[in-house]
Amino acid sequence: MIENFEQNVEDIQSIKILPTILNVINQSTGLGFVAVARVTPNKWLTCGVLDNLNFGLTPGDELQVETTICHEVRQADKLVVIDHVDNDEIFAKHHTPLQYGFQSYISVPITLQDGTFFGTLCALDPAPNKLNNAKVIGMFTSYAELISFHLDAIEKMRLKDLEIKKKNFQLESFDFVSSHDLQEPLRKIQMFSSVILEKNNQNLTNDVVRYLDGIKNESQRMRNILNDLLVFSEYKKSSQEFVATDLNSLVENIRKRLSKEFSECNGKIVLDELPSVPIMPDQIEQLFYNLIINAITFRSNQCDLEISISSKIEKGIDLSYEKLDTNTTYCTLTFTDNGTGFDPRYNEKIFGMFNRLDKEKHCNSTGIGLTIARRITENHNGFIIANGNLNKGASFTVYLPMKQ
């Protein structure tokens with residue numbers, strides 16, 4: 001264990017049940033001083049205390065470790081129980097009871113899950129007491145184990161928080177690298193390829209032209225992947241306030257953003273009247289955009305693209321999706337297209353990062369858009385599911401709670 005004594009005191013003080021433990025020991029045994037101590041080879045530190053003897057120790061106070069019996073408990077990793085110091089063969093002339101003036105005493109090791117000795121649960125009193133019995137020893141041992149359990153839980157939570165901070169730092173570092181360090185070389189590769197093609201076109205063989213075009217295209221595809229990864233990291237958590245928003249307006253925004261794409265494929269959106277829902281507007285617009293651009297990307301060559309968007313408001317108990325809370329009311333949004341679809345076996349797989357079912361045919365897809373869509377629904381305490389039908393289109397169902 002890293003010796004951070006200030007943190008040790010804070011950890012013990014954060015155990016909400018600790019005052020109850022100390023009080024129960026006091027009431028059950030009559031011992032006037034009860035404490036949790038951090039004990040190392042060089043230090044005895046009060047971390048938690050109940051002091052009805054006016055002993056004078058408060059959390060954070062120290063005793064010289066060699067003057068305590070806890071020092072011997074740590075060395076032997078074994079409890080010490082004394083009913084009556086004056087009658088005890090070992091401790092009758094021991095320097096500790098002589099110095100601190102007690103007759104009854106008990107100290108039980110607090111050992112962490114990894115076997116590390118943390119300290120002791122100890123208690124004492126100027127009067128003799130009957131402590132050396134199964135009931136008292138069992139109580140102290142159980143409470144020491146309970147304190148150990150809480151300390152381990154606190155440490156695991158601390159490590160988890162550190163891991164989250166580390167991941168967030170890594171994401172932020174990635175964001176910077178993706179937005180600059182990686183984007184800039186790709187931009188220059190595209191620029192130099194274009195310059196070569198424009199200025200030396202007459203002197204280049206067909207193979208060289210094809211290779212340079214390939215470099216430009218692959219560089220653009222890499223930039224698209226980096227941009228999508230940036231969007232994915234941007235939506236790593238709920239970052240906005242929930243606002244009641246007319247979903248029809250979001251669809252209209254996307255219709256305008258993708259007007260060129262719809263014109264090129266002679267596509268259209270068939271839109272039912274959608275409700276107003278409490279959402280983070282920018283995120284849900286991104287969700288709608290990803291689902292609609294996915295339909296455009298995987299459109300069929302056999303017919304004009306048609307995307308239908310409909311909605312219902314129902315309680316979870318009335319819906320067939322088992323992950324929904326039965327008492328929550330959801331806005332169910334269904335996006336249906338008449339594109340190429342996919343095998344229903346991949347209904348779940350398509351939400352995975354970089355999963356593209358037909359990589360050769362749809363090389364412009366980065367395989368991240370639906371992963372982003374799922375993350376956004378999770379940020380809204382909602383769900384998204386897919387239902388593919390090979391060569392007959394696909395549908396995506398989004399469940400958004402009506403209250404956040």
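Since this is a predicted model, take the numbers as computed values, not measurements. One numbering rule holds for all chains: residues counted from 1, following each sequence as written. Side-chain atom pairs in this predicted model are given and counted only at pLDDT of 80 or more, local residue features only at pLDDT of at least 70, and totals for whole chains, interfaces and linings cover all residues. Think of the side-chain values as coming from all heavy atoms in the structure, minus any hydrogens and water.

**Observations concerning a nonpolar patch on the surface**
- In this scheme, patches are assembled from residues that exceed 30% relative accessible area and form no salt bridge. Like charges are connected within 9 Å, while nonpolar side chains (Val, Leu, Ile, Met, Phe, Trp, Tyr) are connected within 5 Å. In this description, accessible areas are obtained by the Shrake-Rupley approach with a 1.4 Å probe, and a residue is regarded as covered only by the protein chains that are shown. Any carboxyl oxygen of Asp or Glu within 4 Å of a side-chain nitrogen of Lys or Arg constitutes a salt bridge here. A contiguous nonpolar surface patch, about 260 Å² in accessible area, is contributed by M191, F192 and V195.
- Summary of the burial criterion: residues with accessible area below 20% of their type's maximum are buried, those above 50% are exposed, and those between are partly exposed, where the area comes from a 1.4 Å probe applied to protein chains only. Judged by relative accessible area, V195 falls into the partly exposed class, the value being 35%.

**Re the nonpolar core**
- Note on terminology: a nonpolar core comprises buried Ala, Val, Leu, Ile, Met, Phe, Trp, Tyr and Cys residues joined through side-chain atoms within 4.5 Å. Of all hydrophobic cores here, the largest spans 38 residues; its most connected members are L247, I284, L287, F288, I292, L333 and F396.
- Strands here mean DSSP runs of E at least two residues long; helices mean DSSP runs of H or I at least four residues long; both are numbered from the N terminus. In terms of residue count, helix α10 (residues 281-297) provides more of this core than any other element does, 7 residues in total.
- The residues touching I284, leaving out its near neighbours within four places in the chain, are L247, L250, I279, I376, H380 and L400.
- Counting 31 residues, the second-largest nonpolar core is a separate cluster that includes I15, C47, L112 and L131. By definition in these notes, contact holds between two residues if any of their heavy atoms fall within 4.5 Å.

**Section: α10**
- A helix is expected to span 1.5 Å multiplied by its residue count minus one. Look at α10: 24 Å from first C-alpha to last across 17 residues, which is about the 24 Å you get at 1.5 Å a residue.
- Most of α10 sits out of view: 12 of its 17 residues are buried.
- What α10 keeps buried is the set Q283, I284, E285, Q286, L287, F288, N290, L291, I292, N294, A295 and I296.

**Some words on the pairing of strand β11 (residues 329-337)**
- In short, DSSP must find at least two bridges between two strands for them to pair. Bridge count for strand β10 (residues 306-315) against β11 is 9 bridges, and the pairing is antiparallel. In the strand pairing of β11, E314 is matched with Y330.
- Here β11 pairs with strand β13 (residues 394-401) via 8 bridges, running antiparallel. Opposite D337, over in β13, you have A394 as the bridge partner.

**A closer look at the pattern of salt bridges**
- According to the stated counting rule, one finds 9 salt bridges in the structure shown.
- Of the charged contacts in the structure, one is a salt bridge between R158 and E155, with a shortest N-O distance of 2.6 Å. With R158 and E155 both in helix α5 (residues 134-181), this residue pair falls 3 residues apart, about one helical turn.
- Under the relative-accessibility criterion, R158 is labelled partly exposed at 23%.

Just distances and angles here, no functional claims.
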